[in-house]
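Per-entry structural report
Each chain, letter by letter, is given below.
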Amino acid sequence: HPALAVSPLDNSLTVAWISEANATVQVQARLRTSNGLWGSVQTVSTAPLWHSTYFGLNVDQGPSLIITADGVRHLTYIQDYDSTGDYGRVRYATSTATGWTDTALANYSHDPALAVNAATGEIILVGHGHPQNGASSTACLSMDNMCFMKKSGAGWGALQLLEAEAGRSFDSS
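Residues numbered from 1 in each chain as written. Predicted model: local features only at pLDDT ≥ 70, side-chain atom pairs only at ≥ 80, totals over all residues. Heavy atoms only, no water.

For residues that are not glycine, phi is negative in most cases, and the peptide bond is trans in most cases. Although it is not a glycine, Asn 11 sits at a positive phi angle of roughly 65 degrees. Note that Asn 11 resides in the loop between strand S1 (3-6) and strand S2 (13-19). (Helix = DSSP H or I, 4+ residues; strand = E, 2+ residues; numbered from the N terminus.)

Bringing the pattern of salt bridges into the picture now. Oppositely charged side chains can pair when the atoms bearing their charge come close. Summed over the entire model, instances satisfying the criterion amount to three salt bridges. The partner of Arg 89 in a salt bridge is Asp 82, with the nearest N and O atoms 3.6 Å apart. Residue classification places Asp 82 among the buried residues on the basis of a relative accessible area of 17%. Across the salt bridge formed by Asp 102 and Arg 91, the nearest N and O atoms sit 3.3 Å from each other. With Asp 102 in strand S8 (residues 99-108) and Arg 91 in strand S7 (residues 89-96), this residue pair connects regions lying eleven residues apart in the sequence. Comparing Asp 102 with Arg 91, the two get one shared label, buried. (Salt bridge = Lys/Arg side-chain N within 4 Å of Asp/Glu carboxyl O. Buried < 20%, exposed > 50% of the residue type's maximum accessible area, 1.4 Å probe, protein only.)

It is worth spelling out the state of the cysteines at this point. Applying the stated criterion across every chain yields a total of one disulfide. Paired by a disulfide, Cys 140 and Cys 147 hold their sulfur atoms 2.3 Å apart. Where Cys 140 bonds to Cys 147 through sulfur, the torsion about that S-S bond is close to -115 degrees, and the disulfide is left-handed. (Disulfide = S-S within 2.5 Å.)

Let us now look at the sheet that holds strand S3 (residues 26-32). Pairing is antiparallel across the open sheet formed by four strands, whose spatial order is S1-S2-S3-S4. Of all strands in the sheet, those bounded by a partner on one side alone are S1 and strand S4 (42-43). Summarising the sheet, S3 and S4 pair through two bridges and their orientation is antiparallel. Within S4, the residue paired with Gln 28 across the bridge is Thr 43. (Pairing = 2+ DSSP bridges.)

Another aspect to go through is the side chain of Asn 145. Here Asn 145 shows up in the loop between strand S10 (123-128) and strand S11 (146-152). Within polar-contact distance, the side chain of Asn 145 engages the backbone oxygen of Ala 139 at 2.9 Å. (Polar contact = N/O pair within 3.5 Å; in protein donor to acceptor, adjacent residues only side chain to side chain.)

Another point: the pairing of S10. Across the six residues that make up S10, a large majority, five, are buried. Counted between consecutive antiparallel strands, the loop separating strand S9 (residues 113-116) from S10 contains six residues, among which Gly 121 sits at a positive phi close to 80 degrees. Relative to S11, S10 is paired through six bridges, and the arrangement is antiparallel. The residue of S11 that forms the bridge with Gly 127 is Cys 147.

Right, dumping it as structure tokens:
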């Protein structure tokens, strides 16, 4: 699933997707300026990312993309299996005029989504919990619960419970 966002700063368009075109699976992005010119394809991801062709083409777990009022692009995706023996560590990448910067966050999920509070500029990440979220609240250890965290300035706040499952799971991506 590709992600698509329009910049409130300059009306440029960014599209991001998981590319399996090469031996290394990557999150890639491409920018279209407001005058209709496409830029080159950019590699966003620096970590091995999780993807699956178990049911055919990789149609799940695509990136989430937003653009804030200052024109900065924000993107999340999930990392492949890591030293914990699990997959789903949330990766957070940003892009300015100098290119993409990709960092690992402390928490895990399977399909994290981004939003921005236009009034405050806070970035909000929403996703279900994960058993590897040992440093977060106990409620966010279950994949059946929906959790969130906020970014204000340079740092991310604690993972918090958004909604507890009530006989149903939020792990449907």
